[in-house]
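Examination of the molecular architecture
As a plain string of letters, each chain reads:
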Amino acid sequence: MANDRVFEYFKVGPDSREWADWKWQFRNRITTAEALSKVISLNEKEQEEITVSLRRFRMAITPYYASLMDPCDPLCPIRRQAVPSINETFVQPWEARDPLNEENDSPVEHIVHRYPDRVLFLVTSQCAMHCRHCVRKRYVGEKDSVITKAAMEKAVDYIARTPQVRDVLISGGDPLTMDDTRLEEIISRIRAIDHVEIIRIGTRVPVTLPARVTGELLAMLRKYHPLWMNVHFNHPRELTPASRRACADIADSGIPLGNQSVLLRGINDNTETMRELLLKLVQARVRPYYLYQCDLYEGSEHFRTNVEKGIEIIRNLTGNISGFAIPRFVIDAPNGGGKVPINPDYLVSLDSEKAVIRNYEGCLYNYPQPRDYLI
Ligand SMILES: *Cc1c(COP(=O)(O)O)cnc(C)c1O
Ligand code: SF4
């Protein structure tokens, strides 16, 4: 299934030393329509449209991820996450540069503090791949910039003087595009803060650049437990031997893995694709965590489904596959309202005497309430 044109273009084999070297993968990312036209079929109009949409949001595709793209099918779900579409240039009135209003919840640069006990720490704007559906295009899209020492000190100082922060989520961009030394500086500083109980890393590297998950990286990370990691798989085809190896190595290092998917039109917006994705994830020891309704970033319309679609998928899966394979479906409320869980409704009625509930097969059941429960 691999796209052999990629190996021909780069003149390396899938078993070569270069291919397995994450820095080689990173250096050789595909960033122009011209280079892209060497590895997938693009007609002149498509090339032109790509060039136009690159003015809004740049492109970067690792050779590894490019090798998963179908060279002949413009609707390939891997390709659509990586290759710019002219639709990205059509901006709707309800869309925004910063749809989650993260800038408004930022007490110091690089920190987003929205919930009482946890913060988001954006340490770099660099990513291995620029996902076309990125909600942080405003931050990722312009240029690669890693946090400066001075800015890191300020952000760490904010966490240190804010004792309610017990969970720090290191994100970006993609923190695992930083080298081990730089990343360790940040993690070790956070770990040294007494009230920080857990550290989480949000990364798409196991999906787009699995070679980055090296023994050295994991040896460094395991010094800073308890550490959790959230990854971002959207389609079953992303679970390749290489990405499964990366997840296995992370899990073997004692780092629990969660997955955050985005519901994307034409990519994973049906029960069958989602079922396959979720079952492959749990086999790879990754626990599905969130399924996001697509956010309202600029140029998102072509990726969005309606809300009913997400509810329908969750309803179809509930009861039919392992409970822990089912993520929570959420809408990240526009303007910074935070994540709101959206559930199919199983409660038919509720009063002081009984709850009437409907199970996954549609059958109704009465659950009598206790008579003597006050408060
Ligand atoms: C998603 C998010 C978090 C983490 O939320 P969890 O529900 O704990 O995973 C924290 N801060 C911000 C701003 C977020 O968007
Ligand atoms: S890895 Fe995440 S932050 Fe980076 S481009 Fe993709 S969605 Fe955006």
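Residues numbered from 1 in each chain as written. Chains lettered and ligands numbered in written order. Predicted model: local features only at pLDDT ≥ 70, side-chain atom pairs only at ≥ 80, totals over all residues. Heavy atoms only, no water.

What to know about helix 12 (residues 241–252)
An α-helical turn contains 3.6 residues, so a residue and the one three or four places further along point in the same direction. End to end, helix 12 covers 16 Å across 12 residues, agreeing with the expected 16 Å (1.5 Å per residue, within 8%). On its buried face, helix 12 sits against helix 5 (63–66), helix 10 (205–208), helix 11 (215–221), strand 5 (227–231), strand 6 (257–262) and strand 7 (286–292). Residue G254 follows helix 12 closely and has a positive phi angle near 80°. (Helix = DSSP H or I, 4+ residues; strand = E, 2+ residues; numbered from the N terminus. Expected span 1.5 Å × (residues − 1). Contact = heavy atoms within 4.5 Å.)

Some words on the site of ligand 1
As a matter of local geometry, ligand 1 sits amid V112, R114, Y115, R118, L120, L169, R200, Y289, Y290 and K339. Side-chain polar atom of Y289 to an oxygen atom of ligand 1: 2.6 Å apart, as the coordinates give it. Here K339 contributes a side-chain N or O atom positioned 3.1 Å from an oxygen atom of ligand 1. Only strand 1 (111–115), strand 2 (118–124) and strand 7 provide two or more residues apiece to the shell around ligand 1. Counting residues per element, the shell around ligand 1 draws most heavily on strand 1, which supplies three residues. Here the residues of the shell around ligand 1 sort into six nonpolar, no polar and four charged. (Near = heavy atom within 4 Å. Polar contact = N/O pair within 3.5 Å; in protein donor to acceptor, adjacent residues only side chain to side chain. Nonpolar A, V, L, I, M, F, W, Y, C, P; charged D, E, K, R; others polar.)

Some points on the site of ligand 2
Inspection of the region around ligand 2 gives C127, M129, H130, C131, C134, V140, G173, R204 and H232 as its neighbouring residues. Its residues assigned to classes, the shell around ligand 2 shows five nonpolar, three polar and one charged.

Description of the pattern of salt bridges
Scanning the entire structure with this criterion turns up 28 salt bridges. Note that R114 and D105 form a salt bridge whose closest N and O atoms lie 2.8 Å from each other. Residue D105 is classed as partly exposed on the basis of its relative accessible area of 22%. Where E185 meets K149, a salt bridge forms, and the shortest distance between an N and an O atom there is 3.8 Å. Of the two residues, E185 is situated in helix 9 (residues 180–191) and K149 in helix 8 (residues 149–160); the sequence distance between them amounts to 36 residues. Taken together, the shared-partner salt bridges connect R97, D98, E102, E103, R136 and R138 into one network. (Salt bridge = Lys/Arg side-chain N within 4 Å of Asp/Glu carboxyl O. Buried < 20%, exposed > 50% of the residue type's maximum accessible area, 1.4 Å probe, protein only.)

Some thoughts on the sheet that holds strand 10 (residues 347–350)
Taken in spatial order, the three strands make up an open sheet running 10-11-12, and their pairing is antiparallel. Every other strand in the sheet has two partners, leaving strand 10 and strand 12 (364–368) as the edge strands with one partner each. On average, adjacent strands in this sheet sit at an angle of 15° to one another, irrespective of strand direction. Across three bridges, strand 10 lies against strand 11 (residues 354–358) in antiparallel orientation. Paired with L350 across the bridge in strand 11 is A355. (Pairing = 2+ DSSP bridges. Axes fitted to C-alpha atoms, helices over the stretch in contact; angles between N-to-C directions.)

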